[in-house]
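Fold and contact review
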Amino acid sequence: MRIEAVELRRIAMPLVAPFRTSFGTETARDVLLVRVVTPDAEGWGECVAIADPLYSPEYVEGAQDVLRRFLIPALPEDADEYRVERALEPFKGHRMAKAALGTAVLDARLRAAGESFGRYLGAARERVPCGVSVGIMDSVPELLDAVAGYLDEGYVRIKLKIEPGWDVEPVRAVRERFGDVPLQVDANAAYTLADARRLKELDAFGLLLIEQPLGDEDLVQHAELARALATPVCLDESIESAADAAAAIALGAASVVNVKPGRVGGYLEARRIHDVCRAHGVAVWCGGMLETGIGRAANVALAALPGFTLPGDTSASRRYYARDVTEPFELDGGHLEVPRGPGVGVRPVPERLEEFTTSSEWVTL
Ligand SMILES: CSCC[C@@H](NC(=O)CCC(=O)O)C(=O)O
Ligand SMILES: [Mg+2]
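Residues numbered from 1 in each chain as written. Chains lettered and ligands numbered in written order. Predicted model: local features only at pLDDT ≥ 70, side-chain atom pairs only at ≥ 80, totals over all residues. Heavy atoms only, no water.

By domain assignment, the protein separates into domain 1 (5-114 + 347-364) and domain 2 (118-337). Between domain 1 and domain 2, the C-alpha centre-to-centre distance is 23 Å. Listed as interface residues are 37 residues of domain 1 and, on the opposing side, 46 residues of domain 2. Summed over both sides, the interface between domain 1 and domain 2 buries roughly 3400 Å², with carbon and sulfur atoms accounting for 61% of that surface. Together, Phe19, Arg20 and Tyr55 form the three largest contributors to the area buried by domain 1 at its contact with domain 2, with a combined 21%. Our count for the contact surface shared by domain 1 and domain 2 stands at 4 salt bridges. A salt bridge links Glu355 to Arg323; the shortest N-O distance between them is 2.7 Å. Counting across the domain 1 and domain 2 interface gives 19 residue pairs in polar contact (both at pLDDT 80 or more). (Domains from an automatic or database assignment. Contact = heavy atoms within 4.5 Å. Buried area = accessible area lost by both parts, 1.4 Å probe. Salt bridge = Lys/Arg side-chain N within 4 Å of Asp/Glu carboxyl O. Polar contact = N/O pair within 3.5 Å; in protein donor to acceptor, adjacent residues only side chain to side chain.)

Written out as C-alpha cells, the structure reads:
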C-alpha cells in the first residue's frame, strides 16, 4: 500500500473534570492524531502521549517531532502494518509515536479491505464490560459521590487512583459504602518496597489487583512485594513489550497485566502480550490513556480478545469529554459495543475535528 502523505494534527480536548493521579492532574488533553492518506483509504491513529513526560518518557511535542523527523521518513514504499513495524524498529523507544503511525497504516489498510479491527485482531465478543478509573479527590465524601455516579451509569468495575496519604482510607470508605463492588487500585509507581507494610493493609479489602505500586524499572522489587501481598500485582508502566511481560511473569512480578497499545508500540505488540500472558494463565485487561473515540474504538476491539478477562478502563466518551471528536461511545448495560465497520470503525466528525484543531502539519513522502 502506497502512503501518499501523513497529517500530524493536534486537537485540544478539555476534560469534564480534573483527573488527578499520583504524578499530576490533567484538566485537558493535547492530543496528537495521525492521519495516513493512501490511494484507497485514509487511516487514523491516536498518540496517547500526554503533554508532559510524567507517565512515561514520551510527551506529545516530542512524539510529533520524532514522527516528523524520523518515523514518517522511514515508512516503506509498499507499507503494511508488519513492514511499518520492522521499518521503525531501528529507532529506540518512542513507542507511543510508533503506535499512532502503525495504527493509522493498519486502519487505512483494513478500511480499504473492508475488514474491521475486531475481526482482524481476533475479537471473541461483540461487546465488552467496562470499568472506570477514578482520580484522587480532595475528600472522601467527594470520592464516594463520584463512585456512586459511575455505578449508577452502569460501570462494572471501579479503579481508584492511590498515592501515599490517599490509599487505605478511601478504599475502606468505598468498601463500606458500596459493599463488594469489583474494585482495584492504581498507584502509578508512587510507592517503594519500604511501603510494603502499608500496601499490605489493602489486603483486607478483597481488591481485584493493585496496579503498578512500584517504579517502572522495579521488576525484582515487584516480585518481592507480590510475595508479601495477598492482592494480585498488576503491571502497567513496567510492561512495554511481550518480552517485558514474559520477564515479569518469569520473575513473579505480575499476575495480571494492563495492556495499553500506545505504551507497547501498537496493536500487534499488544496482541503478542495478550498471547504470552494467555499462554501462562495470566489475565490481561485493556488500560486507557484518556483516548478520544479514535483510540477508544481500537481499544474496545482489542478488549474483545479472549484473554481480556477483566473489565478494562474502556469507559464511555462522556467519562472524560463532553463532546468527543468522534460520535460518542456510550455505555449500554455496563458494556461498550465493538465497532463493526471497516478499520477502527469510527472517524472524526469533520466539524468537531476542525473545532478542536490547534495545529495541522502535512508530511509528504
Ligand atoms: C493521564 S495518563 C493516565 C494513565 C492511567 N490511566 C487510567 O487511569 C485510565 C484512564 C482512562 O480511563 O483512559 C493509568 O496509569 O492506568
Ligand atoms: Mg495504570
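So that's the structure; there's more coming.
Another aspect to go through is the packing of helix H9 (residues 242-251) against helix H11 (residues 267-279). How two helices sit against one another is set out by the angle between their axes and by the gap between those axes. Interhelical geometry of H9 versus H11 gives an angle of 25 degrees and a closest axis separation of 8 Å. Considering the angle they form, H9 stands roughly parallel to H11. H11 is crossed by H9, and the crossing has right-handed handedness. Contacts between H9 and H11 involve Ala242, Ala245, Ala246 and Ile249 on the former and, on the latter, Glu269, Arg272, Ile273, Val276 and Cys277. (Axes fitted to C-alpha atoms, helices over the stretch in contact; angles between N-to-C directions. Helix = DSSP H or I, 4+ residues; strand = E, 2+ residues; numbered from the N terminus. Parallel < 35°, antiparallel > 145°, perpendicular 65-115°, else oblique. Left-handed = near helix turned anticlockwise from the far one by under 90°.)

The next subject is the layout of surface pockets. Approximately 420 Å³ is the volume attributed to the largest pocket. What lines the largest pocket is a set of 22 residues, and nearest its centre among them are Glu85, Glu89, Lys98, Val264 and Gly265. Taken together, the elements giving at least two residues each to the lining of the largest pocket come down to helix H2 (81-88), helix H3 (95-113) and H11. Broken down by element, the residue count for the lining of the largest pocket peaks at 5 residues, all from H3. Domain assignment of the residues forming the lining of the largest pocket places at least three in each of domain 1 (5-114 + 347-364) and domain 2 (118-337). (1 Å grid on protein atoms, 1.4 Å probe; cavity = no way out; pocket = protein on both sides within 12 Å on 5 of 7 lines; lining within 4 Å. Points joined across faces, edges and corners; volume = space filled by probe spheres on them.)

Counted under the stated rule, the structure contains 33 salt bridges. Glu61 is the salt-bridge partner of Arg10, the closest N and O atoms lying 3.0 Å from each other. Taken together, the residues span a long stretch of sequence, with Arg10 in strand S1 (residues 5-21) and Glu61 in helix H1 (residues 60-71) at a distance of 51 residues. Exposure remark for Arg10: the relative accessible area of 8% places this residue in the buried category. A salt bridge links Arg340 to Glu126, with the shortest nitrogen-to-oxygen separation between them at 3.4 Å. (Buried < 20%, exposed > 50% of the residue type's maximum accessible area, 1.4 Å probe, protein only.)

As a further point, take the site of ligand 1. Taken together, the neighbourhood of ligand 1 is formed by 18 residues, with Ser133, Lys159, Asn188, Leu290 and Tyr320 sitting nearest. Here an oxygen atom of ligand 1 sits 3.1 Å away from a polar atom, N or O, in the side chain of Asp236. When ligand 1 sits alone it has 440 Å² of accessible area, and the protein chains cover 100% of it. Partitioning the shell around ligand 1 into residue classes produces 7 nonpolar, 3 polar and 8 charged. (Near = heavy atom within 4 Å. Areas by Shrake-Rupley, 256 points an atom, 1.4 Å probe, with all protein chains shown as cover. Nonpolar A, V, L, I, M, F, W, Y, C, P; charged D, E, K, R; others polar.)

Taken as a whole, this structure holds 2 cavities of 30 Å³ or more when the rule is applied. Space inside the largest cavity adds up to approximately 220 Å³. The set of elements that each furnish at least two residues to the lining of the largest cavity consists of S1 and strand S6 (157-161). Grouping the constituent residues of the lining of the largest cavity by class yields 7 nonpolar, 5 polar and 8 charged. Two domains share the lining of the largest cavity, each providing at least three of its residues, namely domain 1 (5-114 + 347-364) and domain 2 (118-337). As a volume, the second largest cavity reaches approximately 110 Å³. Considering the residues around the second largest cavity, the lining is formed by 16 residues, among which Glu46, Val48, Thr103, Tyr267 and Gly295 are closest to the centre.

Turning next to H3. Across its 19 residues, H3 extends 26 Å between first and last C-alpha, which sits within 8% of the 27 Å expected from 1.5 Å per residue. Burial runs high along H3: 15 of the 19 residues are buried. Phi turns positive one or two residues past the end of H3, at Gly114, with a value near 70 degrees. (Expected span 1.5 Å × (residues − 1).)

Within the open sheet, the 7 strands sit side by side as S5-S6-S7-S8-S9-S10-S11. Their pairing is parallel. Taken across any chain shown, the strands that pair with only one partner, and hence form the sheet edges, are strand S5 (131-134) and strand S11 (283-286). The strands touched by H11 are strand S10 (256-259) and S11; relative to S10, the strand with the most contacts, the crossing angle is about 170 degrees. (Pairing = 2+ DSSP bridges.)

Here the distance between the centres and the angle between the planes together describe a pair of aromatic rings. On inspection of all chains with the given rule, the structure shows 6 aromatic pairs. Geometrically, the ring pair formed by Phe70 and Phe91 is tilted, given 6.1 Å between the ring centres and 50 degrees between the ring planes. Of this pair, Phe70 sits in helix H1 while Phe91 sits in the loop between H2 and H3, placing them 21 residues apart in sequence. In textbook terms, an aromatic cluster arises when at least three aromatic residues are bridged by ring pairs, as seen for Phe19, Tyr320 and Tyr321. Against the face of Trp285 rests Arg157, its NZ or CZ located 5.1 Å from the ring centre. Its guanidinium or amino end placed over the ring of Tyr120, Arg271 lies 5.4 Å from that ring's centre, counting from NZ or CZ. (Phe/Tyr/Trp six-rings, centres within 6.5 Å; stacked < 30°, edge-to-face > 60°. Lys NZ or Arg CZ within 6 Å of the ring centre and 35° of its normal.)

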